[in-house]
Amino acid sequence: MQTLRIPPVITVNKSAAYALYELLYIRDVAYKPQEYHVKTRKCEPDAGGDIVKTCERLRDENGHIIEHTQPTCCPCGPQRRVPSSCGNFFDKLMKGKANTAHCVRYPGDWFHVFGIGRQSLGFSVRVEVKTRSTVSEVIVGPQNRTVTSKDNFLRVNLIGDFVGYSSVPSFEDFYLVIPRQGEPGQPQDLGRNFSMWMLLERVRFTLDGFECNKIGVSYEAFNRQPNFCSSPFWSCLHNQLWNYRDADRHRIDRNQIPLYGVEGRFERINQHPNAGTHSFSIGITEVLNTNLLIELSADDIEYVYQRSDGKILNVTIPTFEALTQFGVATITAQNTGKVEASYSLTFGCSKGVSLMEEQFFIMKPNELADRSFKLYPTTDQAAKYVCAAILKDSNFKEVDRAECHFSTTATILDNGSQITPPQQPKTGRHGFLESIESIGIKLWEGLVDFITGRICRKCVSFFDFSCHIQYICMSWMVMFGLLLAIFPMVLVLLWLLHQKGLFDPLYDWWEGHVWVHKRRIRHVPRHDTIHHRHHHKHANRRHELRARHHKHDAHSQRSTHQGHRHNHSRRDTDYYLHHVHRDNSKHKRGKKSRFKQQVYMGGIEDYTEHHRHRKEKHYTRTI
């Protein structure tokens, strides 16, 4: 047990942290520019004060006229910058035409404008060490990180903060405006009127003064604004410092945080050491710890430690199963000396046991202390081990040693213990209800799988009949049934269209152009070309007669049919009977079909007459 004879007293104090910003003076701007107007009848840019009054041209200290301070004249009328009456004819004749003079002036307060530069973190840490009657002191900070005291007894090193500050704002895109205390130009003192300090974005300023409706607008920008006389009054003079100040006042009245003012948004404004006109600071609200390294000279420090004898009284290690369990070695030690002292106890085995960490403790005189060590064998086989317990004093010298023996049993592997026992069925009212619920859930899931066909996704193709039948795929059965029903539906549809006569023009075209043409080529010789033309003329004439006498044509068709039956061969008879049967089936479809039948029958008569002529000609040639 080691202590200092005269321990030093160390005192550490850390100040509040702050963010420090560099300031760069830019220019002065007016707090509230104002537009004045004067109603007159002889307004001129160089008019005197008796005509334009407050809008008379301004002069500097030396009497020189300041540029662009002359008034701007606007005619009278109701649609002007300031509506005014032009008077009657006699007033214009006697006094002159009425008009108004306009000018901008900058009465009241002015403000300094500063650009905000690089930021840094600021705080100080004061370290004081007192030994006997001597006091050593140093102050460190981000600017001086390592400091040594004058007597070289104390040395402090600022390592840094554990975590960086996250609430430090950046003002690189802002300007700081402060009320002007004295003369224009670089200020000598920033003052303490923090309620008027404002942080505004740089885009709200015009440094050259040539832009309207921005802070710093000049005489020239006001006078040269387009459509001056038709523009509203106060145009070009909006968004000035007093507008932002009034907006903050309204927010403060509603218990809200200001948007532009410094006071109310930040704490500890400009409270950093050595505050001047070139820096600006705000307090940081985060609480973070700083890491310090404190070094003391050991020449004048005296250490005192107490040493006492000790003894190991007992070591107990029960037998345990290797690997599946761990053993516990309990060691009992006693302070056999007369003073309170510190000890260290080490327990180690020859081999086969994992290493154990050394333990430190303090015992009073004649005190007993029990310490435990966990033993982890490295093999699952039964074995015997030899270990030793070593007790050391405060000088880390061995004062006693005790050897011991212990054994372990082999690890028993029971595979059945790794298997989850089967769950016993529940009994009673709750078990019955849960069984009914589980059955219902399984039935519902099976019904959903059957309807949605989720199980059928195992089938490879659509025509895998065995798979679809095995899992009873509802969607496949419906699709396959629809596929089979397509063929009879198409046949029925074609039959209905045939009954409605949709294909009759196709039949007629086929019989009139293809079938009849083939029959004529088969029976008519090539040397009867002239007779064939005569046959067509005769058929056309017969067709005209049939159109005039419809009833007589019907009788003539029957007579021609009988003559045709006697004069033609068996093959011609079959051809005729086939077409008569087709025409009779069409007779039931209406007048249009009957008309087609008559025309076709006329064609049969012509065809029969043609064959008769062929036979007569052949008979004449034979004779």
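Residues numbered from 1 in each chain as written. Predicted model: local features only at pLDDT ≥ 70, side-chain atom pairs only at ≥ 80, totals over all residues. Heavy atoms only, no water.

S.K.: Requested: an account of a nonpolar patch on the surface, with residues and values cited.
M.R.: A surface patch of nonpolar side chains, about 560 Å² in accessible area, is lined by Leu-483, Ile-486, Phe-487, Val-490, Leu-491 and Leu-494. Within the fold, Leu-494 resides in helix α7 (residues 474–499). (Patch = residues over 30% accessible without salt bridge, like charges linked within 9 Å, V, L, I, M, F, W, Y side chains within 5 Å. Areas by Shrake-Rupley, 256 points an atom, 1.4 Å probe, with all protein chains shown as cover. Salt bridge = Lys/Arg side-chain N within 4 Å of Asp/Glu carboxyl O. Helix = DSSP H or I, 4+ residues; strand = E, 2+ residues; numbered from the N terminus.)

S.K.: Let's hear about the pairing of strand β9 (residues 134–140): which residues, and what values?
M.R.: As a general feature of sheets, a regular strand has side chains that alternate between the two faces. Across 7 bridges, the pairing between strand β8 (residues 125–131) and β9 is antiparallel. In the strand pairing of β9, Glu-128 is matched with Glu-137. Linkage of β8 to β9, two consecutive antiparallel strands, is achieved through a turn of 2 residues, within which Arg-132 is found at a positive phi near 55°. (Pairing = 2+ DSSP bridges.)

S.K.: Before we move on, can you summarise the sheet that holds strand β10 (residues 146–148) with the specific residues and values?
M.R.: Ordered in space as β10-β11-β15, the 3 strands form an open sheet in which the pairing is antiparallel. A strand with exactly one partner marks an edge of an open sheet, and here the two such strands are β10 and β15 (290–296). Geometrically, the sheet is characterised by an average inter-axis angle of 15° between neighbouring strands, direction not taken into account. Pairing of β10 with strand β11 (residues 154–161), which is carried by 3 bridges, proceeds in the antiparallel orientation. If you follow Val-147 over to β11, its bridge partner there is Val-156. (Axes fitted to C-alpha atoms, helices over the stretch in contact; angles between N-to-C directions.)

S.K.: I'd like a description of the packing of aromatic side chains, backed by residues and values.
M.R.: Here the structure, examined in full by the defined rule, presents 20 aromatic pairs. With centroids separated by 5.1 Å and ring planes inclined at 45°, the aromatic side chains of Tyr-21 and Phe-171 adopt a geometry described as tilted. Remark: Phe-171 occurs in the loop between β11 and β12 (174–179) and Tyr-21 occurs in strand β3 (residues 18–30); sequence separation between them is 150 residues. A ring pair is formed by Phe-233 and Trp-234, whose centres lie 6.5 Å apart and whose planes are at 85°; its orientation type is edge-to-face. Note on Phe-233: relative accessible area 28%, which makes it partly exposed. By the ring-pair criterion, three or more aromatic residues cluster together here, those being Tyr-21, Phe-171, Phe-174, Phe-194, Trp-197, Phe-266 and Phe-280. The side chain of Arg-371 reaches across the aromatic face of Phe-361, ending 4.6 Å from its centre. (Phe/Tyr/Trp six-rings, centres within 6.5 Å; stacked < 30°, edge-to-face > 60°. Buried < 20%, exposed > 50% of the residue type's maximum accessible area, 1.4 Å probe, protein only. Lys NZ or Arg CZ within 6 Å of the ring centre and 35° of its normal.)

S.K.: Break down the pattern of salt bridges for me, citing the residues and quoting the values.
M.R.: Here the structure, examined in full by the defined rule, presents 14 salt bridges. Among the salt bridges present, the one from Glu-295 reaches Arg-155, with a minimum N-O distance of 3.4 Å. Taken together, the residues span a long stretch of sequence, with Glu-295 in strand β15 and Arg-155 in strand β11 at a distance of 140 residues. What you see here is one network of salt bridges that share partners, running through Arg-126, Glu-128 and Glu-137.

S.K.: Describe in detail the sheet that holds strand β21 (residues 359–363), supporting the description with residues and values.
M.R.: Strands sit in the order β18-β24-β23-β20-β21 across an open sheet of 5 strands; the sheet is mixed. Of all the strands in the sheet, the pair left with one neighbour each is β18 (320–321) and β21. With 6 bridges connecting them, strand β20 (residues 341–349) and strand β23 (residues 383–392) associate as antiparallel partners. Within β23, the position partnered with Thr-346 by the bridge is Ile-390.

S.K.: Talk me through the nonpolar core; I want residue IDs and the actual numbers.
M.R.: By size, the foremost hydrophobic cluster in this structure holds 31 residues, and its most contacted members are Phe-171, Leu-176, Trp-197, Val-262 and Phe-280. Contributions of two or more residues to this core are made by β3, β7 (110–122), β8, β9, β11, β12 and β14 (279–283). If sequence neighbours within four positions are ignored, Phe-280 has contacts with Ala-19, Leu-20, Tyr-21, Leu-23, Phe-171, Leu-176, Trp-197, Val-262, Ile-269, Asn-270 and His-272. Residues Tyr-343, Phe-347, Cys-349 and Phe-373 belong to the second largest nonpolar core, which totals 25 residues. (Core = buried A, V, L, I, M, F, W, Y, C linked by side-chain atoms within 4.5 Å. Contact = heavy atoms within 4.5 Å.)

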